Amino acid sequence: QVHVVESGGGLVQPGGSLRLSCAASGEILKLYIMGWYRQAPGKQRDLVATISRGGTTSYPDSVKARFVISKDNVENTVVNLQMDSLKPEDTGVYYCYERVEEIRGIVDVWGQGIQVPVSY
């Protein structure tokens, strides 16, 4: 069974930067898409960034030009999210997401989430 674990969260001041990482483990036969979502208090979980198997990235306008998603080329099972010029509205729980093929078939895998408070 595939698992993903996030790391790198923590308190950051507005205007600051933070880098999140997500590492996958388990019997991954094929990796389709990797991404990050976030959930602000009292709100739904929203897409932050995705990167496809071929490296195509996608961002909503709210984070475009401030966030960059990338893959670890060596492992190809680690996805990073570089967040710059952070704003208080970026506060939330950030979840790593991967769509992978494993022995059971194609599954969506979610991490436990990691807190990112943006505040003074």
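See above for the structure.
Here is a short report on the structure shown in this document.

**A few points about the overall build of the chain**
Line of reasoning, step 1. If you tally the helices and strands in the chain, you get zero helices and ten strands.
Line of reasoning, step 2. Starting at the N terminus, the α and β elements of the chain follow one another as β-β-β-β-β-β-β-β-β-β.
Line of reasoning, step 3. Taken against the 2.2 N^0.38 rule, which gives 14 Å for 120 residues, the C-alpha radius of gyration of the chain at 14 Å falls within 12% of a compact globule.
Line of reasoning, step 4. By principal-axis analysis of the C-alpha atoms, the chain measures approximately 45 × 25 × 20 Å.
Line of reasoning, step 5. In the chain, buried positions account for 39% of the 120 residues.
Line of reasoning, step 6. For the chain, contacts bridging at least 24 residues in sequence account for 56% of all contacts bridging at least 6.
Line of reasoning, step 7. When the accessible area of the chain is evaluated, it comes to approximately 6,500 Å², of which 48% is carbon and sulfur surface.
Line of reasoning, step 8. In the chain, 12 positive and 13 negative side-chain charges are present, and the distance between their average locations comes to 5 Å.

**Brief notes about the sheet that holds strand β1 (residues 3–7)**
Line of reasoning, step 1. Within the open sheet, the four strands sit side by side as β1-β2-β7-β6. Their pairing is antiparallel. In this open sheet, the two edge strands, each paired with only one partner strand, are β1 and β6 (67–71). Strand-to-strand twist in this sheet, taken as the mean axis angle between neighbours without regard to direction, amounts to 15°.
Line of reasoning, step 2. Bridge analysis of β1 against strand β2 (residues 18–25) gives five bridges, and the strand direction is antiparallel.

**Describing the packing of aromatic side chains**
Line of reasoning, step 1. Using the criterion set out here, one finds three aromatic pairs in the structure.
Line of reasoning, step 2. With centroids separated by 5.8 Å and ring planes inclined at 80°, the aromatic side chains of Y37 and Y97 adopt a geometry described as edge-to-face. Within this pair, whereas Y37 is found in strand β3 (residues 30–39), its partner Y97 is found in strand β8 (residues 92–102), the two being separated by 60 residues in sequence.
Line of reasoning, step 3. Measuring from ring centre to ring centre gives 4.9 Å for Y97 and W110, while their planes differ by 45°; the resulting arrangement is tilted. Of this pair, Y97 sits in strand β8 while W110 sits in strand β9 (residues 105–110), and the two are 13 residues apart along the sequence.
Line of reasoning, step 4. Taken together, the aromatic side chains of Y37, Y97 and W110 make up a single cluster linked through ring pairs.

**A word on the layout of surface pockets**
Line of reasoning, step 1. Each pocket or cavity is described by its volume, and for the largest pocket that value is around 150 Å³.
Line of reasoning, step 2. Lining the largest pocket are R38, A40, K43, D46, L47, P60, S62, V63, E89 and T91.
Line of reasoning, step 3. For the lining of the largest pocket, the class distribution of residues is four nonpolar, two polar and four charged.

**What to know about the pairing of β8**
For a regular strand, side-chain orientation follows a simple rule: the groups alternate between the two sheet faces.
Line of reasoning, step 1. Counting buried residues along β8, nine of its eleven residues qualify, which places the element largely inside the surrounding structure.
Line of reasoning, step 2. Two strands pair when backbone bridges link them, and β8 and strand β10 (residues 114–116) are joined in this way by three bridges, in the antiparallel orientation. Bridge assignment links G92 to a residue of β10, and that residue is V116.
Line of reasoning, step 3. Connecting β8 to the antiparallel partner β9 that follows it, the hairpin turn spans two residues.

So, how was this worked out
Residues numbered from 1 in each chain as written. Predicted model: local features only at pLDDT ≥ 70, side-chain atom pairs only at ≥ 80, totals over all residues. Heavy atoms only, no water. Helix = DSSP H or I, 4+ residues; strand = E, 2+ residues; numbered from the N terminus. Rg over C-alpha atoms; globule rule 2.2 N^0.38 Å. Buried < 20%, exposed > 50% of the residue type's maximum accessible area, 1.4 Å probe, protein only. Contact = heavy atoms within 4.5 Å. Areas by Shrake-Rupley, 256 points an atom, 1.4 Å probe, with all protein chains shown as cover. Lys, Arg positive; Asp, Glu negative; His and termini not counted. Charge placed at Lys NZ, Arg CZ, Asp CG, Glu CD. Pairing = 2+ DSSP bridges. Axes fitted to C-alpha atoms, helices over the stretch in contact; angles between N-to-C directions. Phe/Tyr/Trp six-rings, centres within 6.5 Å; stacked < 30°, edge-to-face > 60°. 1 Å grid on protein atoms, 1.4 Å probe; cavity = no way out; pocket = protein on both sides within 12 Å on 5 of 7 lines; lining within 4 Å. Points joined across faces, edges and corners; volume = space filled by probe spheres on them. Nonpolar A, V, L, I, M, F, W, Y, C, P; charged D, E, K, R; others polar.

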